[in-house]
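Observations on chain architecture
Here is how the chains run, residue by residue.
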Amino acid sequence: MKISINGNVKQFENEKLTISALMLTLNLTGKRLAIEKNGAIVPRSQFSEVQLQDGDVLEIVGAVGGG
Amino acid sequence: MSEQLIIAGKSYHSRLLVGTGKYKDFTETRAAIDASGAQIVTVAIRRTNIGQTAGAPSLLEYLPPEEFTYLPNTAGCYSADDAVRTLRLARELLDGHKLVKLEVLGDPKTLYPNVIETISAAKVLVKEGFDVMVYTSDDPIIAKQLEDIGCCAVMPLASLIGSGMGILNPWNLQIIIENAKIPVLVDAGVGCAGDAAIAMELGCDGVLMNTAIAAARDPIMMAGAMKKAIEAGRESYLAGRMPKKLYSASPSSPSAGLITAA
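Residues numbered from 1 in each chain as written. Chains lettered and ligands numbered in written order. Predicted model: local features only at pLDDT ≥ 70, side-chain atom pairs only at ≥ 80, totals over all residues. Heavy atoms only, no water.

Focus: the overall build of chain B
Counted only if it meets this: We count a stretch as a helix when DSSP gives it H or I for four or more residues in a row; a strand needs E for two or more, and each element gets its number in order from the N terminus. Residue exposure (1.4 Å probe, protein chains only): buried if accessible area is under 20% of the type maximum, exposed if over 50%, otherwise partly exposed. Throughout, the Shrake-Rupley method with a 1.4 Å probe supplies accessible areas, and for residues the shown protein chains are the sole cover considered. Positive: Lys, Arg. Negative: Asp, Glu. His and the chain ends are not part of the count. In plain terms, the charge of a residue is placed at NZ if it is Lys, CZ if Arg, CG if Asp and CD if Glu.
When helices and strands are tallied, chain B shows nine helices and ten strands. C-alpha atoms of chain B, sized along the principal axes, occupy 90 × 40 × 35 Å. Expressed as a percentage of its 262 residues, the buried residues of chain B come to 49%. Total accessible area computed for chain B in this model is approximately 12700 Å², and 55% of it derives from carbon and sulfur atoms. Computed over 24 positive and 28 negative side-chain charges, the separation of the two mean positions in chain B equals 2 Å.

Structural notes on the overall build of chain A
For clarity, the threshold we go by: Should any heavy atoms of two residues lie within 4.5 Å, those residues are counted as being in contact.
Assigned secondary structure in chain A consists of one helix and five strands. In terms of its C-alpha atoms, chain A occupies a principal-axis envelope of roughly 40 × 25 × 20 Å. For chain A, with 67 residues in total, the buried portion stands at 45%. Long-range contacts, defined here as pairs at least 24 residues apart, represent 52% of the contacts in chain A between residues at least 6 apart. Split by element, the accessible area of chain A, about 3500 Å² in all, is 47% carbon and sulfur. Of the side-chain charges in chain A, 7 are positive and 7 negative, and the distance between the mean point of each set is 8 Å.

Observations concerning the nonpolar core
Short version of the rule: Definition of nonpolar core: a set of buried residues of the types Ala, Val, Leu, Ile, Met, Phe, Trp, Tyr and Cys, connected through side-chain atoms within 4.5 Å.
Counting residues in hydrophobic clusters, the biggest one holds 68 residues, and the most contacted among them are B:Leu102, B:Met209 and B:Met226. Here the element with the most residues in this core is helix H3 (residues 80-93) of chain B; it accounts for seven residues. Ignoring any residue separated from it by four or fewer positions in sequence, one finds B:Met209 in contact with B:Leu16, B:Leu17, B:Val18, B:Gly19, B:Val190, B:Ala196 and B:Met226. Of all hydrophobic cores here, the second largest spans 18 residues; its members include A:Ile5, A:Phe12, A:Leu17 and A:Leu33.

Some points on the packing of helix H1 (residues 26-36) of chain B against helix H9 (residues 219-239) of chain B
Packed helices, taken two at a time, are described by the angle between their axes plus the distance between the axes. Residue and element names in this part refer to chain B. Let me state the cut-off plainly: Axis angles are defined between N-to-C directions and span 0 to 180 degrees, where every axis is a line fitted to C-alpha atoms and, for a helix, only to the segment in contact. These descriptions rest on fixed angle ranges, namely under 35 degrees for roughly parallel, over 145 for roughly antiparallel, 65 to 115 for roughly perpendicular, and the rest for oblique. Note on convention: near helix rotated counterclockwise from far helix by under a right angle means a left-handed crossing. Clockwise means right-handed. Side-chain classes are defined by residue name, with Ala, Val, Leu, Ile, Met, Phe, Trp, Tyr, Cys and Pro counting as nonpolar, Asp, Glu, Lys and Arg as charged, and the others, Gly among them, as polar.
Closest axis-to-axis distance for the H1/H9 pair is 7 Å, and the angle between their directions is 20 degrees. Between H1 and H9, the angle is such that the two are roughly parallel. Taken as a pair, H1 and H9 cross one another with a handedness that is right-handed. Of the residues in H9, those touching H1 at Glu28, Ala31, Ala32, Ala35 and Ser36 are Pro219, Ile220, Ala223, Gly224 and Lys227. Grouping the constituent residues of the contact of H1 with H9 by class yields six nonpolar, two polar and two charged.

Some remarks on the pairing of strand S4 (residues 40-47) of chain B
How we decide: For two strands to pair, DSSP has to find at least two bridges joining them.
For S4(B), the tally of buried residues reaches six of eight residues, placing the bulk of the element in the interior. Relative to S4(B), strand S5 (residues 57-65) of chain A runs antiparallel, the two sharing five bridges. Within the sheet, the bridge partner assigned to A:Val64 lies in S4(B) and is B:Ala44. Where S4(B) lies against strand S5 (residues 69-72) of chain B, four bridges are found, and the strand directions are parallel. Residue B:Ile40 lies in a different strand from S5(B), and its bridge partner there is B:Thr69.

Here's the deal with the interface of chain B and chain A
How we decide: Values labelled buried area give the accessible surface lost by two parts on being combined, using a 1.4 Å probe and summing over both. The term salt bridge refers to a side-chain nitrogen of Lys or Arg lying within 4 Å of a carboxyl oxygen of Asp or Glu.
Counting residues at the interface gives 30 residues for chain B, matched by 26 residues for chain A. Overall, the association of chain B and chain A removes approximately 2400 Å² of surface from exposure, summing both partners, and the carbon and sulfur fraction of that is 57%. Three residues stand out in chain B for area buried against chain A, namely B:Arg47, B:Ile50 and B:Leu93, and they jointly supply 27% of the buried area on that side. At the boundary of chain B with chain A, the tally comes to four salt bridges. With a closest N to O distance of 3.0 Å, A:Arg32 and B:Asp95 form a salt bridge. If you list the elements that add at least two residues to the side of chain B that touches chain A, you get S4, helix H2 (59-62) and H3 of chain B.

Observations regarding the sheet that holds strand S8 (residues 153-156) of chain B
Strand pairing in a sheet relies on backbone hydrogen bonds. The paired strands run either parallel or antiparallel. Residues and elements named next belong to chain B. The parallel open sheet is built from three strands, whose spatial order is S6-S7-S8. The sheet is open, and its two edges are formed by strand S6 (99-102) and S8, each paired on a single side. Across the sheet, the axes of successive neighbouring strands diverge by a mean angle of 20 degrees, strand direction being ignored. Across four bridges, strand S7 (residues 131-136) lies against S8 in parallel orientation. Note on S8: the bridge partner recorded for Tyr135 is Met155.

Considerations on the pattern of salt bridges
All names here are of chain B. For the coordinates displayed, the defined rule picks out 15 salt bridges over all chains. Note that Arg88 and Glu128 form a salt bridge whose closest N and O atoms lie 2.5 Å from each other. Highlighted residues: Arg88 in helix H3 and Glu128 in the loop between helix H4 (115-127) and S7, separated in sequence by 40 residues. For Arg88, a relative accessible area of 33% puts it in the partly exposed group. Accessibility expressed as a relative area gives 29% for Glu128, which makes it partly exposed.

What about unusual backbone geometry?
Residue and element names in this part refer to chain B. With phi around 50 degrees, Ala8 is a residue other than glycine that occupies positive phi space. Position of Ala8 among the secondary structure elements: in the loop between strand S1 (5-7) and strand S2 (10-12). With a phi close to 55 degrees, Tyr247 is a non-glycine residue in the positive phi region. Its place among the elements puts Tyr247 in the segment after H9. A relative accessible area of 87% means that Tyr247 is categorised as exposed.

The quantities given are spatial measurements derived from coordinates; they are silent on function.
Below you can see the structure in the form of structure tokens.
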């Protein structure tokens with residue numbers, strides 16, 4: 001399936017993929033991040049339950065230096 | 001000094017708020033913030049790097065959220081919708097954290113705030129339970145409207161973001177301070193310690209700055225200078241300056257008892 005992550009479309013072999021599994025694949029596990037799926041925030045507590053689907057649009061953000 | 005800055009019910013002994021951008025590296029960021037004595041630090045919310053740099057250290061490791069009060073901002077947002085969306089993500093990112101800095105820009109060249117969009121975003125955020133510290137122009141009417149909406153602090157610019165041009169309109173800032181029942185902080189435009197002291201002497205409750213420290217030749221020394229300037233300016237304000245006596249000198253030494261020619 002194809003998932004858009006931060007504006008880039010990525011292809012995944014998996015038929016089924018939770019957000020937690022995706023984060024593991026992207027080496028993001030343990031990072032403090034917030035995720036929006038198709039415009040709605042996914043609470044961190046639901047990362048292991050929420051299944052991704054072909055065509056999903058994800059925004060994955062973190063805190064960076066700024067004024 | 002026992003008197004504290006109170007924002008959204010929480011007290012802070014430091015009246016200097018600092019940004020975390022534009023430093024050489026996170027070690028310098030941390031050292032400068034330690035020297036500044038700031039307790040509230042602003043952060044930006046950005047797309048995380050996917051790929052090779054995924055394992056790189058993060059700002060949060062150098063500035064643990066347990067040690068500092070984070071102030072996530074909406075820098076780079078040009079619409080109320082984008083700003084609200086960014087701060088909803090920030091709240092999720094920081095475990096329900098409510099204190100935020102709202103800024104909605106109107107022009108990429110000057111980074112001047114779009115107050116219409118700012119007001120519209122502030123209304124939504126206050127309704128959703130955020131404690132909104134709001135960056136705005138030095139227009140006293142807009143500042144009052146933002147207070148009436150329910151913002152917890154109003155933060156007029158001294159001059160353009162990152163310009164270091166100092167306080168261009170102290171008279172407007174004074175009107176805003178006189179009218180406000182919530183803390184007024186100067187945000188943006190401070191260039192040196194003297195500017196920070198002047199802001200505090202005008203009666204500001206605090207100053208938020210980033211570039212003035214980060215872009216100094218020695219950011220850590222400048223951070224220390226800013227800390228002292230904020231404290232000196234505050235004490236000077238509280239002490240109450242002497243009245244200005246234009247063209248009317250008054251000797252500090254006694255006029256009597258002078259030796260005279262025999």
